Amino acid sequence: MDRSYADHLNGMDAGAQERLVREGFAAKVRRFGKRIPFVRDAAAAYYAMLDPNVPILTRAALVAPLAYLVMPVDAVPDFLVGLGFTDDLVVILAAMRSFGNRLSDEHYAKADEMLG
């Protein structure tokens, strides 16, 4: 993750990051979903973040990668065809590697519903 964007996220408290995700995730998916190859995993992570049955530390750890995805400006602008989501991919893949085993079939079902 580009250092300036990491600093921006680190400068936000956890509540602000979560609000950013809650307010912007669905809009981001509607706008770019078909161009985001990892959108299903990101949406499942979003629903895991909202799930009170997921351990609080896992939910908290999912907020920052999702906030990075939602941020309107990041290291590689999302509108760049072929490259725009590569930085987001790295961040989401790291989160999935660490916490993907905590995402349930229910989280993926909700993701599929969101993605239509």
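Enquirer: Report on the overall build of the protein, specifying residues and quantitative values.
Expert: A count of helices and strands for the protein gives six helices and zero strands. Reading the protein from its N end, one meets helices and strands in the order α-α-α-α-α-α. Burial statistics for the protein: of 116 residues in total, 45% are counted as buried. Counting only contacts in the protein whose residues sit at least 6 apart along the sequence, the fraction spanning at least 24 positions is 68%. Total accessible area on the protein stands at roughly 6,600 Å², and carbon and sulfur atoms take up 56% of it.

Enquirer: Tell me about the packing of helix H2 (residues 14–32) against helix H4 (residues 56–70), residues and numbers included.
Expert: Packing of H2 against H4 leaves a shortest axis separation of 8 Å and a crossing angle of 50°. Judged on the interaxial angle alone, H4 and H2 are oblique. When the axes of H2 and H4 are compared, the crossing they make is left-handed. Across from Ala14, Gln17, Glu18, Leu20, Val21, Gly24, Phe25 and Lys28 in H2, the residues of H4 making contact are Val63, Ala64, Leu66, Ala67, Leu69 and Val70. Of the residues contributing to the contact of H2 with H4, the split by class is ten nonpolar, two polar and two charged.

Enquirer: Provide a residue-level description of the nonpolar core, including the pertinent values.
Expert: In this structure, Val21, Phe25, Tyr46, Met49, Leu62, Leu66 and Leu103 are the most contacted members of the largest nonpolar core, which totals 28 residues. Mapped by element, the contributors of at least two residues to this core are H2, helix H3 (39–50), H4, helix H5 (86–99) and helix H6 (105–115). The dominant element in this core, judged by the number of residues it contributes, is H3, at nine residues. Setting aside residues no more than four positions away along its own chain, Phe25 makes contact with Leu20, Ala42, Ala43, Tyr46, Leu66, Leu69, Val70 and Met114.

Enquirer: Can you lay out the packing of aromatic side chains for me, pointing to particular residues and giving the numbers?
Expert: One pass over the full model with this rule turns up two aromatic pairs. On the numbers, 5.2 Å between centres and 75° between planes, the contact of Tyr46 with Tyr47 is edge-to-face. On the basis of relative accessible area, Tyr46 is assigned to the buried category, the value being 9%. Among the aromatic residues, those joined into a ring-pair cluster are Phe25, Tyr46 and Tyr47.

Enquirer: Mind laying out the pattern of salt bridges, listing which residues take part and the relevant values?
Expert: Counted by the stated rule, this structure contains three salt bridges. The partner of Glu18 in a salt bridge is Arg22, with the nearest N and O atoms 2.8 Å apart. Taken together, the residues Glu18 and Arg22, both in helix H2 and four residues apart, mark about one turn of the helix. Take Glu18: its relative accessible area is 26%, and that puts it in the partly exposed class. Residue Arg22 is classed as partly exposed on the basis of its relative accessible area of 46%. Across the pair Asp112 and Arg40 runs a salt bridge, and its minimum N-O distance is 2.6 Å. Residue Asp112 is found in helix H6, and its partner Arg40 is found in helix H3; the two are separated by 72 residues along the sequence.

Basis of the calculations
Residues numbered from 1 in each chain as written. Predicted model: local features only at pLDDT ≥ 70, side-chain atom pairs only at ≥ 80, totals over all residues. Heavy atoms only, no water. Helix = DSSP H or I, 4+ residues; strand = E, 2+ residues; numbered from the N terminus. Buried < 20%, exposed > 50% of the residue type's maximum accessible area, 1.4 Å probe, protein only. Contact = heavy atoms within 4.5 Å. Areas by Shrake-Rupley, 256 points an atom, 1.4 Å probe, with all protein chains shown as cover. Axes fitted to C-alpha atoms, helices over the stretch in contact; angles between N-to-C directions. Parallel < 35°, antiparallel > 145°, perpendicular 65-115°, else oblique. Left-handed = near helix turned anticlockwise from the far one by under 90°. Nonpolar A, V, L, I, M, F, W, Y, C, P; charged D, E, K, R; others polar. Core = buried A, V, L, I, M, F, W, Y, C linked by side-chain atoms within 4.5 Å. Phe/Tyr/Trp six-rings, centres within 6.5 Å; stacked < 30°, edge-to-face > 60°. Salt bridge = Lys/Arg side-chain N within 4 Å of Asp/Glu carboxyl O.

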